[in-house]
Amino acid sequence: MWWDLDTIDKTVTRQFVCNHLLPEEIERLDRPLGFGDGLTDGTYWEWIDEKARRIFLILVDIGVPDQIFGVIDDSWDDEDLPIALDQVERLALTPSKDEKSERRFFYRQFYYLLRPLQKGEHAIYQEDEVVPLDIVDKKQTLPTGQSQGYHVDRVTLPNQPGTVFCRRRIPLGPGFGPGYLSHEDFLYEVNGIKNLQNQHLVSYYTSYIQHEYGYVLFTLPPDFTLKSFLTTTPSSIKNLEKQARRRLVLNWIHCLVDTICYIHNRGLSHGNIKPSTILFSNDNHICFADFTRFNPEILAAMTDKTSFDKESYDYAAPEQWFKPSGPPSPTHRRSTIVSPSTSPEGGQSFISRMTDYGVNTPMAMMHAPTPHLNPQAADIFSLGCVILELLSFLLKKQGRPFATHRAAKHKSPGRGGAVLDSSFHKNLGQVDSWMSQLVKDASKKDDQEFRAILPMLHVVGHMLSLHPSERPAATDVQTKMYQILRDAAGILEPHCVHQYGGWDFGIGSMKLNSPTQLSRNNSHDTMSIMTKRSSGSRSIEHKRTSSGGSSPGSLRRTESTREPERERERPRTNSDLSSSFQTLLNLRTRDKVRQHWQAPVYTGN
């Protein structure tokens, strides 16, 4: 039981008090207080009821409830808590000094002085304070030798029954080795992610500091990832009726696209989209892993910058690994999606491969800067890879067969040779032929959901364009996917239909906001252990600033000239939406790019 204020008030009744006292002690409850020389007409019961409920509970806890009368005679009350260890003897809980009883009182008092963790708030707990949470399961997620004090577990909060959170422990201070965070860095990161909240993104809930560790609670703890999903279909998916399963996957695609719109609209980029960062719960809820500095994968990368993350490489955009051999790329992207072209062989070509990229080994390019790289365009490429995996799943062709097909044009590595390169960006020709095969397979299906495969592959083809400027903006992808789900798949109310960036569907134009500057002052409560009749709190002010894009794990901001509007839930009407979306489809936007942005460094996890 967690002793919050409501629980204490409901528990400490007169009947409860009487149940823990002898008959002669019960009679004393209604007698006048033994101090004050008759200047007060209060009784012992009234003092307990009004001023000493917590103290009485602590005395019951340690087995000396009868000492409540002596405590009251010395005029102690709940306002005096917490009482320092060297002051507990003044309570005179035993006839002679008993250090064991004093220590029990000292430590047990904190169970009745709880400060609940609240959404969006940061707290600082003293060393002996009790943090009100329950650990559901505990596991170490980082490899041995790289943990350096990092831990991840699942917890529940008494003020949020039924909700499970992912708690991450981050060591603070240089004593924990490389990659540590200072207290100031920790608070900076916390303030930078508080307002990034989305139902399909692992989001910040609350945080606190205790014992030289920072703790962050995130929403949506995953049960499995898309990476495991593509290998073994979970029972929660297998048990669905076929049409429901297909519609669920199509809605997942729209949810993912909508979430990337949410991120990009805030001038940020995810920077690490791949199957292992697409998470699922057992009730089939999909979400992106967070891209904060508190992510276990990023924490591991901070301690080992020499290992090679093949999955990140496989799903990365071409420009994140190879420098263009031609002229510098434009700093804006095409914002419309056009019809697919035809290959020289006479077949349909989905992917634009207009730019020649120099051939460099992945390891040689790991730390090389890539000037003018647009991280949001890189997100679009990686998201296109993930969508293609989901569409392949609909046609039962996901996972290893797809990876084998991508690497099929490479020579056999031979005995002891390197692993074949099955990345998307180095095998776009094979990816294109795979998409053509999916179209053929889908054409043999009669169910309406499969009619969405071809138009979705057209969109994915543009997302996988070799040149960043050829890829559509996230808003254009969202617009087109919505149309496809409604018109081709027959899903009249797709999931996650929002407006971002000041869209006005009635007018069909985009409103640009004036530049704004954000600042937020955040107070952090603490509990101070004081002597009798003195307790207090202190606060720490922390100003929120825009996070940079060059440090690993920081939120990557790619637009700093405007503060996007809050998203608004879009009316779920079935009329006039198609024409409005078509108007938006024809809008051309320019993405402002940080001139000295450096490509994210993919390292081992």
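It should be noted that the structure appears before, not after, this text.
Predicted model only: the values in this text are computed from it and were never measured.

**A closer look at the overall build of the protein chain**
Here is step 1: If you tally the helices and strands in the protein chain, you get 20 helices and 17 strands.
Here is step 2: With 605 residues in all, the protein chain has 54% of them scored as buried.
Here is step 3: Considering only contacts within the protein chain whose residues lie at least 6 apart along the sequence, 72% involve residues at least 24 apart.

**Focus on unusual backbone geometry**
Here is step 1: The omega torsion across L81 and P82 is -5°, close enough to zero to call that bond cis.
Here is step 2: A positive phi angle is found at N284, which is not glycine, with a value near 70°.
Here is step 3: Among the structural elements, N284 can be located in the loop between β9 (278-280) and β10 (286-288).
Here is step 4: Phi at K396 is positive, roughly 60°, even though this residue is not glycine.

**Remarks on the pattern of salt bridges**
Side-chain pairs of opposite charge can arise whenever the charged atoms involved come near each other.
Here is step 1: A full pass over the atoms with the stated rule returns 21 salt bridges.
Here is step 2: Put simply, R108 and D61 hold a salt bridge, and the shortest N to O gap is 2.8 Å. Highlighted residues: R108 in helix α7 (residues 99-108) and D61 in helix α5 (residues 53-62), separated in sequence by 47 residues.
Here is step 3: The class of R108 is partly exposed, set by a relative accessible area of 27%.
Here is step 4: Taking the relative accessible area as the measure of exposure, D61 reaches 23% and is therefore partly exposed.
Here is step 5: Where E99 meets R103, a salt bridge forms, and the shortest distance between an N and an O atom there is 3.8 Å. A residue pair is termed a helical-turn pair when its members lie 3 or 4 positions apart in one helix, as E99 and R103 do in helix α7 at four residues.
Here is step 6: One continuous salt-bridge network, built from bridges that share partners, spans R246, R247, D447 and E449.

**Overview of the packing of α5 against α7**
Here is step 1: With their axes 10 Å apart at the nearest point, α5 and α7 run at an angle of 130° to one another. The angle between α5 and α7 places the two elements in the oblique class. For the element pair α5 and α7, the recorded crossing hand is right-handed. From α5, I58, L59, D61 and I62 reach across to α7, where they touch R104, F105 and R108.
Here is step 2: Residues belonging to the contact of α5 with α7 are distributed by class as follows: four nonpolar, no polar and three charged.

**So, the packing of aromatic side chains**
Here is step 1: If you walk through the whole model with that rule in mind, you get 21 aromatic pairs.
Here is step 2: Both rings, one in F106 and one in Y107, keep their centres 5.0 Å apart while their planes meet at 75°; by these two values the pair is edge-to-face.
Here is step 3: Assessed through its relative accessible area of 5%, F106 is described here as buried.
Here is step 4: Look at F229 and F393: their rings are 4.7 Å apart centre to centre, the planes differ by 50°, and that puts the pair in the tilted class. You can see F229 sitting in helix α9 (residues 226-231) and its partner F393 sitting in helix α15 (residues 375-394), a full 164 residues away along the chain.
Here is step 5: Joined through ring pairs, the aromatic side chains of F224, F229, W252, F280 and F393 make up one cluster.
Here is step 6: Residue placement shows R168 over the ring face of F218; its charged tip is 4.2 Å from the ring centre.

**Quick word on the sheet that holds β9**
Within a sheet, neighbouring strands are paired by backbone hydrogen bonds and run either parallel or antiparallel to one another.
Here is step 1: Spatial strand order, β7-β9-β10: three strands in an open sheet with antiparallel pairing. Edge positions in the sheet fall to β7 (224-225) and β10, since each has one partner strand and no second.
Here is step 2: As paired elements, β9 and β10 share three bridges and run antiparallel to each other. Bridging across to β10, L279 finds its partner in C287.
Here is step 3: Its contacts with the sheet place helix α11 (residues 242-265) against β9 and β10, and it is angled at close to 30° to β10.

**Some words on helix α4 (residues 44-51)**
Here is step 1: Of the residues making up α4, those classed as buried are Y44, W45, W47 and I48. Each buried residue of α4 lies within a common arc of 165° when the element is viewed along its axis, so the set occupies one face.

**Focus: the side chain of T156**
Here is step 1: If you trace the backbone, T156 turns up in strand β3 (residues 151-157).
Here is step 2: Residue T156 is classed as buried on the basis of its relative accessible area of 19%.
Here is step 3: Setting aside anything within four residues of it in sequence, one finds T156 in contact with L133, D134, V136, T163 and V164.

**Section: α5**
Side chains three or four residues apart in an α-helix point the same way, a direct result of the helix having 3.6 residues per turn.
Here is step 1: Burial of α5 is extensive: seven of the ten residues sit out of reach of the surface.
Here is step 2: Taken as a whole, α5 has its buried residues at R53, I55, F56, L57, I58, L59 and I62.
Here is step 3: Elements in contact with the buried residues of α5: α1 (5-11), α2 (14-19), α4, α6 (68-73) and α7.
Here is step 4: One or two positions beyond α5, positive phi appears at G63, with a value near 90°.

**Focus on the state of the cysteines**
Here is step 1: Counted according to the given criterion, the structure contains zero disulfides.
Here is step 2: With no disulfide partner, C255 has as its closest neighbouring cysteine sulfur the one in C496, 3.3 Å distant.
Here is step 3: Residue classification places C255 among the buried positions, given a relative accessible area of 2%.

**With respect to the environment of P275**
Here is step 1: Note on placement: P275 falls in the loop between β8 (268-269) and β9.
Here is step 2: C-alpha of P275 to C-alpha of Y315: the two residues are 40 residues apart in sequence and 8.6 Å apart in space.
Here is step 3: Ignoring sequence-local partners within four residues, the contact set of P275 consists of T225, L226, K227, L230, E311 and Y315.

**Quick word on the packing of α11 against helix α19 (residues 474-487)**
Here is step 1: Relative orientation of the contacting elements α11 and α19 amounts to 155°, with a least axis distance of 9 Å. Here α11 lies roughly antiparallel to α19, going by the angle between them. For α11 against α19, the interelement crossing comes out left-handed. Here L250, N251, I253, H254, V257, D258, I260, C261 and H264 of α11 lie close against α19, whose contacting residues are A474, T475, V477, Q478, M481, Y482 and L485.
Here is step 2: Of the residues contributing to the contact of α11 with α19, the split by class is ten nonpolar, five polar and one charged.

**Overview of the pairing of β3**
Here is step 1: Most of β3 is tucked away, with six of its seven residues classed as buried.
Here is step 2: Hairpin geometry of β3 and strand β4 (residues 160-171) is characterised by an intervening segment of two residues between the two adjacent antiparallel strands.

**Side note on the side chain of D421**
Here is step 1: Counting through the fold element by element, D421 comes out in the loop between α16 (400-406) and α17 (428-443).
Here is step 2: Here D421 falls in the buried class, since its relative accessible area comes to 16%.
Here is step 3: A polar contact of 2.7 Å, which involves the side chain of D421, links it to the side chain of S423.
Here is step 4: With residues up to four places along the chain from it excluded, the contact list for D421 reads Y313, R406, A407, H410, K426 and N427.

**A short note on a positive patch on the surface**
Here is step 1: A contiguous patch of positive charge on the surface is contributed by K242, K396, K440, K444 and K445.
Here is step 2: On the secondary structure map, K242 appears in helix α11.

Criteria and cut-off values
- Residues numbered from 1 in each chain as written.
- Predicted model: local features only at pLDDT ≥ 70, side-chain atom pairs only at ≥ 80, totals over all residues.
- Heavy atoms only, no water.
- Helix = DSSP H or I, 4+ residues; strand = E, 2+ residues; numbered from the N terminus.
- Buried < 20%, exposed > 50% of the residue type's maximum accessible area, 1.4 Å probe, protein only.
- Contact = heavy atoms within 4.5 Å.
- Salt bridge = Lys/Arg side-chain N within 4 Å of Asp/Glu carboxyl O.
- Axes fitted to C-alpha atoms, helices over the stretch in contact; angles between N-to-C directions.
- Parallel < 35°, antiparallel > 145°, perpendicular 65-115°, else oblique.
- Left-handed = near helix turned anticlockwise from the far one by under 90°.
- Nonpolar A, V, L, I, M, F, W, Y, C, P; charged D, E, K, R; others polar.
- Phe/Tyr/Trp six-rings, centres within 6.5 Å; stacked < 30°, edge-to-face > 60°.
- Lys NZ or Arg CZ within 6 Å of the ring centre and 35° of its normal.
- Pairing = 2+ DSSP bridges.
- Arc of directions from axis to C-beta.
- Disulfide = S-S within 2.5 Å.
- Polar contact = N/O pair within 3.5 Å; in protein donor to acceptor, adjacent residues only side chain to side chain.
- Patch = residues over 30% accessible without salt bridge, like charges linked within 9 Å, V, L, I, M, F, W, Y side chains within 5 Å.
- Areas by Shrake-Rupley, 256 points an atom, 1.4 Å probe, with all protein chains shown as cover.
- Lys, Arg positive; Asp, Glu negative; His and termini not counted.
- Charge placed at Lys NZ, Arg CZ, Asp CG, Glu CD.

This is a description of form; function is not addressed.
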